[in-house]
Amino acid sequence: MKGTRTPRTPITTFRGRWTRDHWATASLIGCVGVLVAAIVPGFSAAPPAAEPEQVTRAIALPLPPRSVLPIEEDPIAEEAPVDTWRTVQIAQGQTLGGVFSDLGLSANTLHRLLQHPGAREALTRVRAGDEFAFDVPEPGELRALRFARGENEHVELVLEDGGIKENVTERELERRTLVASGEITSSLYAAAARAGVSNAIVNTMANVFSYDIDFGQDLREGDHFSVIYEEVWRDGERLRTGDIVAASFTNRGKRYTAVRFERDGKSEYFSADGRPLKKSFMRMPVEFARISSTFGARRHPILGKMRMHNGVDYAAPTGTPIMAAGDGRIAFAGNRGGYGRTVIVDHGNGHTTLYAHMSRLGRYKTGQRVSQGAVIGYVGMSGLATGPHLHYEFRVNGQHRDPTTVTMPPPEPLKGAAMAQFRAVAGPALAQLEMLEGRHLAAREASTSLN
Ligand SMILES: [Zn+2]
């Protein structure tokens, strides 16, 4: 979800069903109306995200005129050496190979640089606007090359004695903390944008709470949230949105909280009582979907007889990705009679899930491990099906259960030292969230009493 541009979906009502649009982006962004957005004092004047400037002009790459090159016989030239550096900004469609050729540098030199560990990616994936500086003391001779690597390193590669020496300068990244509160109303997409809550933050929040809140169907007017998040700045410029530090979301009067905490070197989100928010199973193994047939006895749409419907049907367009609902191992991937193209995932502890009527299977084969969210196939209507949908079954020790209501033991909370560490991190974050919510509710109160 990250890094993609979210389509601006015209939103008129939040109670409508979302059959075609991406639930986690379109519906939430469309529905979120930010009434109050407080920005941490000192950053209220922060400029909006700057779009990187498009560099489309052709770059002239003149070689230094002969006359400015140092002349051996002139002693003054030795004391004050001329600048032999040439800075090049990559133009649209230009490659570094092209720049080398324009500068009269050999392809062999570039090839040598590409062999240097850690240089290949930065030198082959160049984009318009990237800057490279070349130290060219003599025509055709490259002495050093400077470029940015990743978002926080300046690298200088010096070609000497047939080898390459690397000098790295760290660029300082600054993480700024911002806060915002918002409330769901009918159509205040523009208000959300004006309040400065980026799509990336809204999407992350939807992901964080997706195990507890169905953002496609559960949102109601008056639902509200508060979020503490980071922005990454470099050299006085906003580079990108960072992580969510903590957030609270009140859905139909029930309040959910999430606090970021690092466990085994990985950032995860935990509830206030230290339990991971990520559950063993996803609420829905397919996005863009709505339930078209529930679990239980029904008249079969093709056979016409009353029979048990052992799963839940999610109507979705053909080709919509189907995800493994939880971590596990592929127990079956292939054709299975009326089920059509089917995948069965064994999650251990007697839990299995089944996904039927696929238009095609994913890349996982029987016996392979899959992670929660991995795409194991695509919605279709193979086998006995009247239209494209996912037929989804959940079994516990061989018994069919209703996947929408089956209850799982809650994930284990943090223990011992980890729990103590978590409390130290979570305490201030939760207090700040409560303060934000208090402020938001007070502002709401004030605005209703005005009417
Ligand atoms: Zn079904």
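Source: prediction; values computed, not measured.

### Considering the coordination of the zinc ion
Argument step 1. Looking at the zinc ion, one finds its protein donor set to be His309 (NE2), Asp313 (OD) and His391 (ND1), positioned 2.0 to 2.2 Å from the metal centre.
Argument step 2. Read from N- to C-terminus, the donor residues coordinating the zinc ion fall into the pattern H-x3-D-x77-H. Of this pair, His309 sits in strand β14 (residues 306-309) while His391 sits in strand β23 (residues 389-396), placing them 82 residues apart in sequence.
Argument step 3. The exposure class assigned to His391 is buried, which follows from its relative accessible area of 7%.

### Side note on the confidence of the model for the protein
Argument step 1. Confidence in the prediction of the protein, expressed as mean pLDDT, is 80, and 79% of residues score 70 or more.
Argument step 2. Across residues 1-71, confidence stays below pLDDT 50; counting only partners more than four residues off in sequence or on other chains, it has 149 contacts.

### What to know about the packing of aromatic side chains
Argument step 1. Evaluation of the coordinates by the stated rule reveals nine aromatic pairs.
Argument step 2. Residues Phe281 and Phe394 carry aromatic rings whose centres are separated by 4.9 Å and whose planes lie at 65° to one another, so their mutual orientation is edge-to-face. In this pair, Phe281 is assigned in the loop between β11 (266-270) and β12 (290-293) and Phe394 in strand β23, connecting sequence segments 113 residues apart. Each member of the pair, Phe281 as well as Phe394, carries the same accessibility label: buried.
Argument step 3. Counting every residue linked through ring pairs, the aromatic cluster contains Phe209, Phe225 and Phe249.
Argument step 4. Over the ring of Trp233 we find Arg176, and its NZ or CZ is 3.6 Å from the ring centre.
Argument step 5. Here the basic side chain of Arg336 rests over the ring of Phe332, its NZ or CZ set 4.3 Å away from the ring centre.

### Re the sheet that holds strand β5 (residues 153-160)
Argument step 1. Spatially, the five strands line up as an open sheet ordered β2-β3-β4-β5-β6, and their pairing is antiparallel. Whereas interior strands pair on both sides, the edge strands pair on one side only; in this sheet they are β2 (85-89) and β6 (163-170). Mean inter-strand twist for the sheet, computed between neighbouring axes without regard to direction, equals 20°.
Argument step 2. Bridging between β2 and strand β3 (residues 131-135) involves five bridges; their strand directions are antiparallel. Looking at β3, one finds that Trp85 is bridged to Asp135.
Argument step 3. Strands in contact with helix α4 (residues 107-114) are β4 (144-149), β5 and β6; relative to β5, the strand with the most contacts, it is inclined by about 125°.

### A word on the pattern of salt bridges
Argument step 1. The tally for this structure, following the rule as stated, stands at 18 salt bridges.
Argument step 2. For Glu151, the salt bridge is made with Arg240, and the minimal N-O distance between the two is 2.7 Å. With a gap of 89 residues between them, Glu151 in the loop between β4 and β5 and Arg240 in strand β9 (residues 237-251) connect regions that are remote in the sequence.
Argument step 3. The class of Glu151 is partly exposed, set by a relative accessible area of 25%.
Argument step 4. Under the relative-accessibility criterion, Arg240 is labelled partly exposed at 31%.

Scoring rules and cut-offs
Residues numbered from 1 in each chain as written. Predicted model: local features only at pLDDT ≥ 70, side-chain atom pairs only at ≥ 80, totals over all residues. Heavy atoms only, no water. Donors = N, O, S within 2.8 Å, 3.2 Å for Na, K, Ca; no water. Helix = DSSP H or I, 4+ residues; strand = E, 2+ residues; numbered from the N terminus. Buried < 20%, exposed > 50% of the residue type's maximum accessible area, 1.4 Å probe, protein only. pLDDT = per-residue confidence, 0-100. Contact = heavy atoms within 4.5 Å. Phe/Tyr/Trp six-rings, centres within 6.5 Å; stacked < 30°, edge-to-face > 60°. Lys NZ or Arg CZ within 6 Å of the ring centre and 35° of its normal. Pairing = 2+ DSSP bridges. Axes fitted to C-alpha atoms, helices over the stretch in contact; angles between N-to-C directions. Salt bridge = Lys/Arg side-chain N within 4 Å of Asp/Glu carboxyl O.

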